[in-house]
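If you want the building blocks of each chain, they are given just below.
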Amino acid sequence: MTHPASDSKHMARLALAGLIAVSLGACGGPPAGGGPRFTDIQPKKNFYLRPGGPDKDPGAYLGRFVPAGTADSAIDDAEAMQTECSQYFSKKVVPAGGVTMSEYFAVSGGGGASFGVPPVAVQVGGERTNVLKVDYTQTEKWIAEIPPENRANFDACCAKAPSNCTDRYIGEFLAGTGTFFGADASSGGAQVGTAHGSAGFTDSMEWRRGMELKEPNFFAFRVTRRGTGNDNVGPVVSLCQRPWDLEIPKGVEGQYFVGTSKALDDESMARDDAMDNARRQIVKWLGEQIQQKRVEVQGFSGSGADLTTRLTSEENITRASGGVASLVKDECWKVETSTSPTGKKYHVKALALIPAAVTAQAAAAVLGAAK
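These numbers were taken from a predicted model, which means no experiment stands behind them.

Asks: I'd like to hear about the state of the cysteines, residue by residue, with values.
Replies: This model, assessed by the stated rule, comprises three disulfides. Note that Cys 85 is cross-linked by a disulfide to Cys 157, the S-S spacing being 2.0 Å. Here the disulfide of Cys 85 and Cys 157 is left-handed, its torsion about the S-S bond being about -100 degrees. With Cys 85 in the loop between strand 1 (47–49) and strand 2 (90–95) and Cys 157 in helix 2 (residues 151–160), this residue pair connects regions lying 72 residues apart in the sequence. Judged by its relative accessible area of 5%, Cys 157 falls in the buried class.

And the structure:
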């Protein structure tokens, strides 16, 4: 026999369960009221806790560049690159006035261990990010800036080599006193590292106290993106926007060459001719690298003079050029046109790169073609 009162309670429970499910699916966590929701835990934008922990003097890392392609969740001030252009930054010290705040900060990988507590894993921009909560009193900050007298040298340095200046750099360090808090996995079902949208973070979420800074230390850094209006470094100038045909770029990514074509009636043929010219230069350069033993190639024996002689042969150069063709990258192009009695002519320049990672392979191809 069915009781109306029991049916009403059962239907109410189903309705409540449905409401909770909708709330979790829409908000990525429990409804508000009593504790932080999963989606409420968002870190301070562009700021990161130092994975190696706080210290008194982070000046050596100010103005270093974040390697291209580094994921936000993997940024580490100690892993940033000090290039020849970093020398043009200067340090600006800004007193903070003792402002007290409570904020979330991202921390690379498992860097929470440096602060004595495990981090909370959240989603930021579709990427998993580890976060700690910090209650702190800010004492000062150091900012990387380019003084006006260094501007021209900095711009020239960045233009000289693509790898000298990436689009992000360590632009600021933050100092203060305070306490770091991480996830307390034992409190009411709070789960560390749960997927975005799960119900793992409940209203009973609590934070476990970790390291305490009783004296001012630099505990966080800011990553500044060039050309966003939030820095004084200026926009990122792409490699192909630079005068690469007048000053050949240099960088750790490999060796650059500028190939030029003859004046030809067809643009496509002129492009092919420019790359052929660049590959021929590369073949001769690789021959020099082999002779001077700057690159080791298995099977090379004999004098450098013998190899030089073999690479003067048009047949050998053509064969070697074909052998390295798949390893040479065309980076930039410049096309100029002119008018002659026979019609329009195309003159093309190509910036070609032989990547450092394939230099030995390319040298072996050259040696094989010159035998």
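Asks: Quick one: what's the story with the pairing of strand 4 (residues 120–124), residue by residue and with numbers?
Replies: Working note: regular strand, side chains alternate between the two faces of the sheet. Relative to strand 5 (residues 127–145), strand 4 runs antiparallel, the two being bridged by five bridges. Bridge pairing links Gln 123 to Arg 128 in strand 5. Between the antiparallel neighbours strand 4 and strand 5 lie two residues, among them Gly 125 with a positive phi of about 60 degrees.

Asks: Please give an account of the pattern of salt bridges that cites residues and values.
Replies: Tallied over the entire structure, the rule returns 18 salt bridges. A salt bridge links Lys 133 to Asp 135; the nearest nitrogen and oxygen atoms lie 3.2 Å apart. The residue Arg 271 makes a salt bridge to Glu 267 at a minimum N-O spacing of 3.2 Å. With Arg 271 and Glu 267 both in helix 3 (residues 267–291) and four residues apart, the pair spans about one turn of that helix. A residue is classified by how much of its surface remains accessible, and Glu 267, at 29% relative accessible area, is partly exposed. Beyond isolated ion pairs, a larger network of salt bridges with shared partners links Asp 72, Asp 167, Arg 168 and Arg 225.

Asks: So, the sheet that holds strand 10 (residues 343–355): which residues are in play, and what are the values?
Replies: Across the sheet, which stays open at both edges, the three strands sit in the order 8-10-9 with antiparallel pairing between neighbours. At either end of the open sheet lies a strand with only one pairing partner, and these are strand 8 (254–260) and strand 9 (329–340). Going across the sheet, the axis of each strand differs from the next one's by a mean of 15 degrees, ignoring polarity. In terms of strand pairing, strand 9 meets strand 10 through 11 bridges, oriented antiparallel. Pairing of Lys 334 across the sheet is with Lys 349, part of strand 10.

Asks: Kindly report on the packing of aromatic side chains, identifying the contributing residues and their values.
Replies: The geometry of an aromatic ring pair is captured by two quantities: the separation of the ring centres and the angle between the planes. Applying the stated rule across the entire model yields 15 aromatic pairs. Each ring, one from Trp 142 and one from Phe 218, has its centre 4.4 Å from the other, and the planes form 50 degrees; the classification is tilted. Here Trp 142, found in strand 5, pairs with Phe 218, found in strand 7 (residues 207–225); they are 76 residues apart in sequence, far enough to count as distant. Here Trp 142 and Phe 218 have matching classes, each one buried. With a centroid separation of 5.8 Å and an interplanar angle of 80 degrees, the aromatic rings of Phe 180 and Phe 219 are classed as edge-to-face. Of this pair, Phe 180 sits in strand 6 (residues 168–183) while Phe 219 sits in strand 7, and the two are 39 residues apart along the sequence. Comparing Phe 180 with Phe 219 shows no difference in burial state: the two are buried.

Asks: Give me the packing of helix 3 against helix 6 (residues 359–369): which residues, what numbers.
Replies: Two elements in contact, helix 3 and helix 6, have axes separated by 9 Å at closest approach and are oriented at 95 degrees. In terms of their interaxial angle, helix 3 and helix 6 are classed as roughly perpendicular. Contact residues: helix 3 offers Val 283, Trp 285, Leu 286 and Ile 290, while helix 6 offers Thr 359, Ala 362, Ala 363, Val 366 and Leu 367. Residues of the contact of helix 3 with helix 6, tallied by class, amount to eight nonpolar, one polar and no charged.

Asks: Can you lay out the confidence of the model for the chain for me, pointing to particular residues and giving the numbers?
Replies: For the chain, the average pLDDT comes to 79, and 77% of its residues sit at 70 or higher. Here helix 1 (residues 4–27) stands out as the element of the chain with the lowest mean pLDDT, 40, in contrast to strand 1, whose mean of 95 is the highest. Ignoring residues within four places in sequence, the model shows residues 1–39, a span with pLDDT below 50, making 40 contacts including any to other chains. Within the model, the stretch residues 187–204 combines pLDDT values under 50 with 42 contacts to residues more than four positions away or in other chains.

Thresholds, definitions, all that
- Residues numbered from 1 in each chain as written.
- Predicted model: local features only at pLDDT ≥ 70, side-chain atom pairs only at ≥ 80, totals over all residues.
- Heavy atoms only, no water.
- Disulfide = S-S within 2.5 Å.
- Helix = DSSP H or I, 4+ residues; strand = E, 2+ residues; numbered from the N terminus.
- Buried < 20%, exposed > 50% of the residue type's maximum accessible area, 1.4 Å probe, protein only.
- Pairing = 2+ DSSP bridges.
- Salt bridge = Lys/Arg side-chain N within 4 Å of Asp/Glu carboxyl O.
- Axes fitted to C-alpha atoms, helices over the stretch in contact; angles between N-to-C directions.
- Phe/Tyr/Trp six-rings, centres within 6.5 Å; stacked < 30°, edge-to-face > 60°.
- Parallel < 35°, antiparallel > 145°, perpendicular 65-115°, else oblique.
- Contact = heavy atoms within 4.5 Å.
- Nonpolar A, V, L, I, M, F, W, Y, C, P; charged D, E, K, R; others polar.
- pLDDT = per-residue confidence, 0-100.

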